[in-house]
Amino acid sequence: MQAFSLIVRRELRLALRRKGDVLTVLVFFIVVASLFPLGVGPEPDQLRAMAAGVAWIAALLAALLSLPRLFAADYADGTLEQMLASPQPLAIVVLAKIAAHWLCTGLPLALVAPLIGLQYGLDGGALALLAASLLIGTPVLSLVGAAGAALTLGVRGGGALLGLLVLPLFVPVMVFGAGAVGAQQAGVDPAAHLSLLGAFLAVSSLVGPWAACAALRVALD
Amino acid sequence: MLQTTALACERGGLRLFSGLDFTLGAGSLLRVRGANGSGKTTLLRTLAGLTRPSAGSVRWRGDPIGEEYRKEMLFLGHAAAIKDELTVLENLQFAVRISCLTFSDSKINDALQQLGIARLADLPARYLSQGQRKRAALARLALAAELPLWLLDEPFAALDDEAIARVSALCAAHLAAGGMLVLTSHQDVPIAAPHARAIELPA
């Protein structure tokens, strides 16, 4: 537990010292989500209907933008090797990296998403639900993405490969995340969608770190 | 006690060495020599448990190496594991904490002093020269006396004569206190050791 908070605090400190990385992801998210009304046209009903989907697609792409960096820097400068040779269990190291990744990308995205929703004319309930679905769903992106990032570590063109690898796995999260808002707009109770998101979170928090650990051991062999 | 039996390693299908047997007891220094690409780093990484040997085994106190072993071993690889954005002090504090070493502010300061980089403590590591970076990485040796086994990959690379003398003194003190040391080096830096031996990896 001590090691967990040690690594999270260090990751957050590093993120503070290179704010560009965090801001790039956030600005990318906002820009992508803001491009749709310009391309599709300003029809209010149409925009309202597509708002959640657009926000979720932008969140997936923004997460994908940040994932290659998850382990790459620590791999290149020998930190990962040090952590593997240290008494700390690798699973704790990986979980801490994932938690820090979510705090620096998923959480800001979920907090900014209501602003995007406002642009699309969503009402209060839909805005809150959009943020809630992202709050439950973005940790899944970090957990599953970590496994992908570990698998593509040290591979040439790893970024593109990472996208091919994890985007299909992100699809169910996006479907039910955006679906929750859609259901609310259609007057259906979105609880089922959120429960399914929660189930994805539970499964991925077991499988994601485990797969990432195995892949890291191979990458560092 | 560190023991290898019939250890063999390969990289990318290429056999580097095989049938390597040695036993390292308290106060022993083992120098690993060999030409470029002869597998010195691979051997050290195998001893650290990072790379799986293709045959044979590494044992620590009679048991296969595992989590207990990592609590008693310090591995310093080629890469310095220094973050550019953190200061020298922050880098050292993290390295020490992650290795579960006991430390205090004065001991940390002492360690930086021993490596001659105390005045750089609050400088972000991105401003360090290659040699200073290496010194910052090696500063944890001054705090790692409690770990019996040190595995050092090219500890003297990029260091000037003064730093080499400081690091070799740290190594000698560790060995004199009953520690064990395995190191790879191209330079024949003298290190006082109760027991010293060398293995030459075939080219």
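Residues numbered from 1 in each chain as written. Chains lettered and ligands numbered in written order. Predicted model: local features only at pLDDT ≥ 70, side-chain atom pairs only at ≥ 80, totals over all residues.

S.K.: How would you explain the sheet that holds strand 6 (residues 73-76) of chain B if you had to name every residue and give the values?
M.R.: Residues and elements named next belong to chain B. Strand order in the open sheet formed by 5 strands is 6-7-8-3-9, and the pairing between neighbours is parallel. The two strands at the open ends of the sheet, each matched to only one other strand, are strand 6 and strand 9 (195-200). Here the strands of the sheet are splayed against their neighbours by 10° on average, with no regard to which way each runs. Examined bridge by bridge, strand 3 (residues 28-33) and strand 9 share 6 bridges and lie parallel to one another. What sits directly across from Arg 31, in strand 9, is Ala 198. (Pairing = 2+ DSSP bridges. Helix = DSSP H or I, 4+ residues; strand = E, 2+ residues; numbered from the N terminus. Axes fitted to C-alpha atoms, helices over the stretch in contact; angles between N-to-C directions.)

S.K.: Which residues make up the interface of chain A and chain B, and what values go with them?
M.R.: Contact residues are listed per partner, giving 19 residues for chain A and 22 residues for chain B. Contributing elements (two or more residues each) for the side of chain A that touches chain B: helix 1 (2-17) and helix 5 (79-85) of chain A. Ranked by residue count, the leading element in the side of chain A that touches chain B is helix 5 of chain A, at 6 residues. A per-class count over the side of chain A that touches chain B returns 8 nonpolar, 5 polar and 6 charged. (Contact = placed C-beta atoms within 7 Å. Nonpolar A, V, L, I, M, F, W, Y, C, P; charged D, E, K, R; others polar.)

S.K.: Account for the sheet that holds strand 2 (residues 14-24) of chain B, with residues named and values stated.
M.R.: All names here are of chain B. What the 4 strands build is an open sheet, ordered 2-1-4-5; its pairing is antiparallel. Strand pairing shows two members of the sheet lacking a second neighbour, strand 2 and strand 5 (63-64), which therefore form its edges. Pairing geometry for strand 4 (residues 55-60) and strand 5, over 2 bridges, is antiparallel. Residue Arg 59 lies in a different strand from strand 5, and its bridge partner there is Pro 64. Running at roughly 130° to strand 1 (residues 2-11), helix 1 (residues 40-47) makes contact with strand 1, strand 2 and strand 4 of the sheet.

S.K.: How would you sum up the nonpolar core? Please name residues and give values.
M.R.: A general tendency of soluble globular proteins is for nonpolar side chains to be buried together. Among the nonpolar cores identified, the biggest contains 131 residues, and A:Ala55, A:Ala59, A:Ala150 and B:Leu151 are the most heavily contacted of them. What A:Ala59 contacts, discounting residues up to four positions off in sequence, is A:Phe29, A:Leu109, A:Leu134 and A:Thr138. (Core = buried A, V, L, I, M, F, W, Y, C linked by C-beta atoms within 7 Å. Buried ≥ 20, exposed ≤ 12 C-beta atoms within 10 Å, placed from the backbone.)

S.K.: Describe the domain arrangement of chain B, with residues and values.
M.R.: Residues and elements named next belong to chain B. Taken domain by domain, chain B comprises domain 1 (1-72 + 148-203) and domain 2 (81-146). Computed over C-alpha atoms only, the centres of domain 1 and domain 2 are separated by 23 Å. Facing the 14 residues of domain 1 at the interface are 13 residues of domain 2. If one sorts the elements of the side of domain 1 that touches domain 2 by residue count, helix 6 (residues 161-176) sits on top with 6 residues. Here the side of domain 1 that touches domain 2 is composed, by residue class, of 9 nonpolar, 1 polar and 4 charged. (Domains from an automatic or database assignment.)

S.K.: Explain unusual backbone geometry to me, using residue names and the numbers behind them.
M.R.: The phi torsion at B:Ala6 lies on the positive side, around 45°, for a residue other than glycine. Under the C-beta neighbour-count criterion, B:Ala6 is labelled exposed, with 12 such atoms within 10 Å.

S.K.: Break down the pairing of strand 1 of chain B for me, with residues and values.
M.R.: Residues and elements named next belong to chain B. Here 7 bridges tie strand 1 to strand 2, and the two strands are oriented antiparallel to one another. Bridge pairing in strand 2 links Gln 3 to Thr 23. Hairpin connection from strand 1 to strand 2: 2 residues lie between these consecutive antiparallel strands, with Gly 12 at a positive phi of about 55°. Where strand 1 and strand 4 come together, 5 bridges link them in antiparallel fashion. If you follow Gln 3 over to strand 4, its bridge partner there is Arg 59.

S.K.: Describe the packing of helix 2 (residues 19-40) of chain A against helix 3 (residues 44-66) of chain A, listing the residues and the values that go with them.
M.R.: Residues and elements named next belong to chain A. Contact pair helix 2 / helix 3: the axes reach a minimum separation of 9 Å and the direction vectors enclose 145°. Like other packed secondary-structure pairs, helix 2 and helix 3 cross with a definite hand, here right-handed. Together, Val 25, Phe 28, Phe 29, Val 32, Ala 33, Phe 36, Pro 37 and Val 40 of helix 2 and Gln 46, Leu 47, Met 50, Val 54, Ala 55, Ala 58, Ala 59, Leu 61, Ala 62, Leu 65 and Ser 66 of helix 3 make up the contact between the two elements. For the contact of helix 2 with helix 3, the per-class residue count stands at 17 nonpolar, 2 polar and no charged. (Left-handed = near helix turned anticlockwise from the far one by under 90°.)

S.K.: Explain helix 1 of chain A to me, and be specific about the residues and the numbers.
M.R.: Here helix 1 of chain A contains 16 residues, and its C-alpha end-to-end distance of 23 Å stays within 8% of the 22 Å for a straight helix at 1.5 Å per residue. If you check which residues of helix 1 of chain A are buried, you get A:Ile7, A:Arg10 and A:Glu11. All buried residues of helix 1 of chain A lie within an arc of 100° about the axis, which places them on one face of the element. Structural note: helix 1 of chain A exposes A:Gln2, A:Ser5 and A:Leu16 on the side pointing more than 90 degrees away from its buried face. Among the structural elements, helix 6 (90-119) of chain A together with helix 3 (88-98) of chain B are those in contact with the buried residues of helix 1 of chain A. (Expected span 1.5 Å × (residues − 1). Arc of directions from axis to C-beta.)

S.K.: Hey, could you go over the pairing of strand 3 of chain B for me, with residue numbers and the actual values?
M.R.: In this structure, strand 3 of chain B lies alongside strand 8 (residues 180-184) of chain B, joined through 4 bridges in parallel fashion. Residue B:Leu30 lies in a different strand from strand 8 of chain B, and its bridge partner there is B:Val182.

S.K.: I'd love a proper account of helix 4 (residues 69-76) of chain A, names of residues and values included.
M.R.: All names here are of chain A. Those residues of helix 4 that fall on the buried side of the exposure criterion are Leu 70, Phe 71 and Asp 74. The buried side chains of helix 4 occupy one side of the element, clustering within an arc of 65° when seen end-on. Packing partners of the buried residues in helix 4 comprise helix 5, helix 6, helix 7 (124-151) and helix 9 (191-220). Looking one or two places after helix 4, you find Gly 78, whose phi comes out positive at around 90°.

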